[in-house]
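Inside the fold
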Amino acid sequence: MEKKNIDWSNLGFGYINTDMRFVSNYKNGAWDEGALVADPMIQMSECAGVLQYAQTCFEGMKAYTTEDGRIVTFRPDLNAARMEDSCKRLEMPVYPQDKFVEAVSKVVKANQAYVPPYGSGATLYIRPYMFGSSPVIGVKPAEEYQFRIFTTPVGPYFKGGVKPLTIRVSDFDRAAPNGTGHIKAGLNYAMSLHPIVSAHHEGYDENMYLDPKTRTKVEETGGANFLFITKDNKVVTPKSSSILPSITRRSLMIVAKDYLGLEVEEREVYLDELKDFAECGLCGTAAVISPVGKVVDHGKEICFPSGMSDMGPVTKKLYDTLTGIQMGRIEAPKGWIHEIC
Ligand code: PLP
Ligand code: COI
């Protein structure tokens, strides 16, 4: 199979139309078989649930070319399970988990020519999503839904690649105390647009959101969880019921413990203890692990000892081991790598 003529190494994190997408419709209480289609456009009612009341959720995953030339995905079963949680919270029908994983494989296989080659630094981003497509005008769930998956080749999420980021403590909240922060609802991202535009405008790479109830504890950014490394090399990640349970973060905690022999801890992390950590990073499918060099809290700078030029040493080990597993250089725990072709 011949690859597309794309400058893989210079890709940013953007949308490029690929050949095929997967589409399945839910009507009269059941999902149809679903099919791969070429048309990237969607036509629906002006009164569709997604357009009026934001009834939509999504997932984010990647396909990788391994060192020995296979195309694989990373723990797709966890994306399927998380999408089920999102659908239930938003009163949407669940797309069966086994069919989700099957559909991901189909769409990646159909777009093989867009899967970036091994060593290019790029990957194929996979975006499963679902939305209410039938008309609703009273506030209630739609009766019809569409589940779709498209793919797009991507480079690093943050422009500087692995250059440490500067982030600020946001005055806005990302999620309500008993809201939807723990699921991947489109509405969480809509509300983060104003804070991210203003953060960029003021020269910051991202926002650090605090817990919405007390505003004293670290939650996450708009699109990634936090990892902190203590001065004695313990890996600490914030525990909260209003952050998205990142698959990357859950995997990294296992990698830290089982591959690197590090102590790991998921616990509440207070803003005023940030100054005591040695390293900080953001983790997620898009972010992979992006180092944070500095957090600015209303003019007060918290600078991590790892500095502003390189990834900290423990963050780097975590990054190398995780990407090594994803690219087939390091043996993966059983069930983590799903081979497509
Ligand atoms: N937190 C938020 C708000 C996200 O949007 C994402 C991206 O999916 C993550 C964390 C990271 O999750 P994952 O590692 O499953 O991609
Ligand atoms: C992902 O990492 O897959 C996400 O969905 C985050 C998004 C901000 C790109």
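Residues numbered from 1 in each chain as written. Chains lettered and ligands numbered in written order. Predicted model: local features only at pLDDT ≥ 70, side-chain atom pairs only at ≥ 80, totals over all residues. Heavy atoms only, no water.

1. Remarks on the overall build of the protein
Secondary structure summary: the protein contains seven helices and 17 strands in total. Taken over the C-alpha trace, the protein has a radius of gyration of 20 Å; the compact-globule value for 341 residues is 20 Å, and the two agree within 12%. Seen along its three principal axes, the alpha-carbon backbone of the protein occupies a region of about 55 × 50 × 35 Å. Within the span of the protein, comprising 341 residues, buried residues form 54% of the whole. Long-range contacts, defined here as pairs at least 24 residues apart, represent 70% of the contacts in the protein between residues at least 6 apart. As displayed, the protein offers around 15400 Å² of accessible surface, 51% of which is attributable to carbon and sulfur atoms. Of note, the protein has its 38 positive side-chain charges centred 0 Å away from the centre of its 42 negative side-chain charges. (Helix = DSSP H or I, 4+ residues; strand = E, 2+ residues; numbered from the N terminus. Rg over C-alpha atoms; globule rule 2.2 N^0.38 Å. Buried < 20%, exposed > 50% of the residue type's maximum accessible area, 1.4 Å probe, protein only. Contact = heavy atoms within 4.5 Å. Areas by Shrake-Rupley, 256 points an atom, 1.4 Å probe, with all protein chains shown as cover. Lys, Arg positive; Asp, Glu negative; His and termini not counted. Charge placed at Lys NZ, Arg CZ, Asp CG, Glu CD.)

2. Things to note about the site of ligand 2
Taken together, Phe13, Phe58, Gly60, Tyr125, Arg127, Tyr157, Lys184, Gly223, Thr285 and Ala286 make up the full set of residues adjacent to ligand 2. The contact in question runs from an oxygen atom of ligand 2 to an N or O atom on the side chain of tyrosine 125, over 2.6 Å. When isolated, ligand 2 has an accessible area of 290 Å², and the protein chains bury 89% of it. In terms of residue class, the shell around ligand 2 is made up of five nonpolar, three polar and two charged. Taken domain by domain, the shell around ligand 2 gets at least three of its residues from each of domain 1 (8-154) and domain 2 (165-326). (Near = heavy atom within 4 Å. Polar contact = N/O pair within 3.5 Å; in protein donor to acceptor, adjacent residues only side chain to side chain. Nonpolar A, V, L, I, M, F, W, Y, C, P; charged D, E, K, R; others polar. Domains from an automatic or database assignment.)

3. Considerations on the pattern of salt bridges
For the coordinates displayed, the defined rule picks out 19 salt bridges. One salt bridge in this structure joins aspartate 68 and arginine 70, with 3.0 Å as the shortest N-O distance. Lysine 294 is the partner of glutamate 301 in a salt bridge, and the nearest nitrogen-oxygen pair spans 3.4 Å. Residue classification places glutamate 301 among the partly exposed residues on the basis of a relative accessible area of 47%. The buried category is assigned to lysine 294, whose relative accessible area is 18%. (Salt bridge = Lys/Arg side-chain N within 4 Å of Asp/Glu carboxyl O.)

4. Points about the domain arrangement of the protein
Much of the literature gives interface size as the accessible area that the parts lose upon coming together. On domain assignment, one finds that the protein holds domain 1 (8-154) and domain 2 (165-326). Summarising the inter-unit geometry, the C-alpha centres of domain 1 and domain 2 are found 26 Å apart. Between domain 1 and domain 2, the contact holds 21 residues from the first and 23 residues from the second. For the pair domain 1 and domain 2, the summed buried surface comes to about 1700 Å²; carbon and sulfur atoms form 65% of the total. Our count for the domain 1 to domain 2 interface comes out at zero salt bridges. At the boundary of domain 1 and domain 2, one finds eight residue pairs in polar contact (both at pLDDT 80 or more). Of all the secondary-structure elements, those providing two or more residues to the side of domain 1 that touches domain 2 are β4 (56-58), β5 (61-65), β6 (71-74) and α2 (76-89). (Buried area = accessible area lost by both parts, 1.4 Å probe.)

5. Remarks on α2
With 14 residues, α2 extends 20 Å between its outermost C-alpha atoms, agreeing within 8% with the 20 Å of an ideal straight helix rising 1.5 Å per residue. Three or more residues of α2 are buried, namely Pro76, Leu78, Asn79, Ala80, Arg82, Met83, Glu84, Ser86 and Cys87. Phi turns positive one or two residues past the end of α2, at glutamate 91, with a value near 55 degrees. (Expected span 1.5 Å × (residues − 1).)

6. Some words on the packing of α2 against helix α3 (residues 97-110)
In a pair of packed helices, the angle between the axes and the distance between the axes together describe the arrangement. Direction vectors running N to C along α2 and α3 enclose 130 degrees, while the axes themselves pass 9 Å from each other. Taken together, the axes of α2 and α3 lie oblique to each other. The two elements α2 and α3 cross, and the hand of that crossing is right-handed. Residue-level inspection shows Pro76, Asp77, Asn79, Ala80, Ala81, Met83 and Glu84 of α2 in contact with α3, the latter providing Gln97, Phe100 and Val101. (Axes fitted to C-alpha atoms, helices over the stretch in contact; angles between N-to-C directions. Parallel < 35°, antiparallel > 145°, perpendicular 65-115°, else oblique. Left-handed = near helix turned anticlockwise from the far one by under 90°.)

7. A short note on the pairing of strand β15 (residues 288-297)
Within β15, 10 of the 10 residues are buried, leaving the element largely enclosed by the surrounding structure. Judged from the five bridges that link them, strand β14 (residues 279-284) and β15 form a sheet pairing that is antiparallel. Paired with cysteine 280 across the bridge in β15 is valine 292. Two successive antiparallel strands, β14 and β15, enclose a turn made up of three residues. Pairing of β15 with strand β16 (residues 300-303) involves four bridges; the strand directions are antiparallel. Bridging across to β16, aspartate 297 finds its partner in lysine 300. Counted between consecutive antiparallel strands, the loop separating β15 from β16 contains two residues, among which histidine 298 sits at a positive phi close to 50 degrees. (Pairing = 2+ DSSP bridges.)

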